[in-house]
Amino acid sequence: MTLTMEAAPSAAVRPQAETPHREEYVCWSRMQAEAGQGLDAIVERKERERQAGGGSFLWGVGNAPAQVTNVLARAGIPVRAVFSVMKTRPKAIDVSPSRTVIWRRYVDAQGVERSLPPHALVTSRGDSAGGAKRIHHALMCRSDKPLTIRRGDAFDPAAFRNAGGTGAPVGFSQVTALLRRVQFDHDRSDYEANLTAWLADSYWVRLSDPVELDAGRLAILADISRQPLDSWCDLVSQIRGAPATETAAPGRLI
């Protein structure tokens, strides 16, 4: 979830002469601590969000999507979301950010800016290298199964290439990327599919309208996963700084 530099995926250990016949897209994201929360706490919170949203949840990411992502979303082409634990330790700025913000709106696949669904809770650190953070992104996901960090299910990024641009291999600094399968998996991989879901709705969106969290709202955020599920949306609304009865504002084309 954080633009952290780490080693590129390991090279293939067993070349494959054949390539799959069926087009397969995967959105691969490497996850770690973010906005002052550890990874276990984030996954626990996302599971509560998924329950409150009837299976849907948003996962914040730092980088913009490839242009082809919008095409796939509009066409409804299935894209599996695979989350792998990063190999590197989280940055200090992600473990203890000076400011934390919550995001309240997004731009959908049609270019319309909308309020986030009432159950969606996406936070990030409040500052970037250039100053106050004004843009963030999120994966719109759906899963019918509980979100837990699993072990032992290998994921081989060397079997994929970037779906956009020149189709290059996954880069050193790519934390989240839309990939297209070009060959079968190899025998071994340095990464696991620790958490999986499917992209849904607009797939990968740009977020807007951040608001900084004060001490009171940070306290609600820290405790939200321990509260009754039927209070989730009201608590999300409190953290956003909007009335608990707020309804989604009409969309506007931007």
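An account of the accompanying structure is given in this report. Chains are numbered independently. Their residues run from 1 in the order of the written sequence. In view of the model being predicted, local features appear only for residues whose pLDDT reaches at least 70, and side-chain atom pairs are presented and counted only at 80 or more, with totals across whole chains, interfaces and linings using the full set of residues. Water and hydrogen atoms were dropped before computing side-chain values, which therefore reflect all heavy atoms in the structure.

So, about the overall build of the protein chain. Helices and strands together make up the secondary structure of the protein chain, namely five helices and 15 strands. With a 1.4 Å probe rolled over the protein chains alone, any residue whose accessible area is under 20% of its type maximum counts as buried; one over 50% counts as exposed, and the rest are partly exposed. The buried share of the protein chain, reckoned over its 254 residues, is 49%. Whether two residues are in contact is decided by their heavy atoms, any of which lying within 4.5 Å being enough. In the protein chain, the share of contacts with a sequence separation of at least 24, taken over all contacts with a separation of at least 6, comes to 82%. Accessible surface, the protein chain as shown: approximately 12100 Å² in total, 52% of it carbon and sulfur. Labels follow the DSSP assignment, with helices taken as runs of H or I lasting at least four residues and strands as runs of E lasting at least two, numbered in each case from the N terminus. The method behind every accessible area is Shrake-Rupley, applied with a 1.4 Å probe, and residues are considered shielded solely by the protein chains displayed.

The next subject is the layout of surface pockets. Any residue with an atom within 4 Å of a point lines the site, the site being either a cavity, points on a 1 Å grid over the protein atoms alone where a 1.4 Å probe fits but cannot get out, or a pocket, an open set with protein on both sides within 12 Å along at least 5 of 7 lines. Grid points are joined across faces, edges and corners, and a volume is the space filled by probe spheres set on the points. Volume-wise, the largest pocket comes out at about 290 Å³. Along the walls of the largest pocket sit 15 residues, with S143, D144, K145, T196 and A197 positioned nearest its centre. Sort the elements by how many residues they give to the lining of the largest pocket and strand β14 (residues 195–212) lands first, with six residues. In this classification, the charged set is Asp, Glu, Lys and Arg, the nonpolar set is Ala, Val, Leu, Ile, Met, Phe, Trp, Tyr, Cys and Pro, and all remaining amino acids, among them Gly, are polar. Of the residues contributing to the lining of the largest pocket, the split by class is seven nonpolar, three polar and five charged. Put simply, the parts of the chain that give the lining of the second largest pocket at least two residues each are α2 (68–75) and β14. The residue makeup of the lining of the second largest pocket, split by class, is six nonpolar, seven polar and two charged.

Next up on the list: the packing of aromatic side chains. Each aromatic pair joins two rings of Phe, Tyr and Trp (for Trp, the six-membered one) with centres within 6.5 Å, and gets the label stacked for planes under 30 degrees apart, edge-to-face for over 60, and tilted for any other angle. By the definition in use, this model includes four aromatic pairs. Here the aromatic rings of W28 and F155 are separated by 5.4 Å at their centres, their planes lie at 40°, and the arrangement is tilted. Here W28, found in strand β1 (residues 25–31), pairs with F155, found in strand β10 (residues 154–155); they are 127 residues apart in sequence, far enough to count as distant. Seen in terms of ring centroids, W28 and Y191 are 5.0 Å apart; in terms of plane orientation they differ by 85°. Their pairing is edge-to-face. Residue W28 is located in strand β1, and its partner Y191 is located in strand β13 (residues 191–192); the two are separated by 163 residues in the primary sequence. W28 sits in the buried class, given a relative accessible area of 1%. In this structure Y191 comes out as buried when scored by relative accessible area, which is 4%. K87 extends its terminal NZ or CZ atom over the ring of Y191, reaching a point 5.1 Å from the ring centre. Only Lys NZ and Arg CZ are tested; either one counts as a charge over a ring when it is within 6 Å of the ring centre and within 35 degrees of the ring normal.

Moving on, we get to helix α1 (residues 39–52). In this model α1 runs 20 Å from its N-terminal to its C-terminal C-alpha over 14 residues, within 8% of the 20 Å that 1.5 Å per residue would give. Of the residues trailing α1, G54 is marked for its positive phi of about 65°. Given a helix with a known number of residues, its expected span is that number minus one, times 1.5 Å.

Right, let's get into the pattern of salt bridges. By salt bridge we mean one thing: a side-chain nitrogen of Lys or Arg within 4 Å of a carboxyl oxygen of Asp or Glu. For the structure on display, the rule yields 14 salt bridges. Residue D127 is joined to R99 by a salt bridge in which the shortest nitrogen-to-oxygen separation is 3.0 Å. Within this pair, whereas D127 is found in strand β7 (residues 127–128), its partner R99 is found in the loop between α3 (92–95) and β4 (100–107), the two being separated by 28 residues in sequence. Within this structure, E24, R181 and D185 form a network of salt bridges that share partners.

Trans is the common state for peptide bonds, and a negative phi is the common state for residues other than glycine. The phi torsion at A35 lies on the positive side, around 55°, for a residue other than glycine. Relative to the elements of secondary structure, A35 occurs in the loop between β1 and α1.

What follows deals with the nonpolar core. By size, the foremost hydrophobic cluster in this structure holds 25 residues, and its most contacted members are W59, V79, F83, L139, C141 and L199. Looking at this core, the element that brings in the most residues is β14, giving five residues. Among all residues touching F83, those that are not within four sequence positions of it are S29, M31, W59, L139, C141, E192, A193, N194 and L195. The criterion is simple. A nonpolar core is a set of buried Ala, Val, Leu, Ile, Met, Phe, Trp, Tyr and Cys residues joined through side-chain atoms within 4.5 Å.

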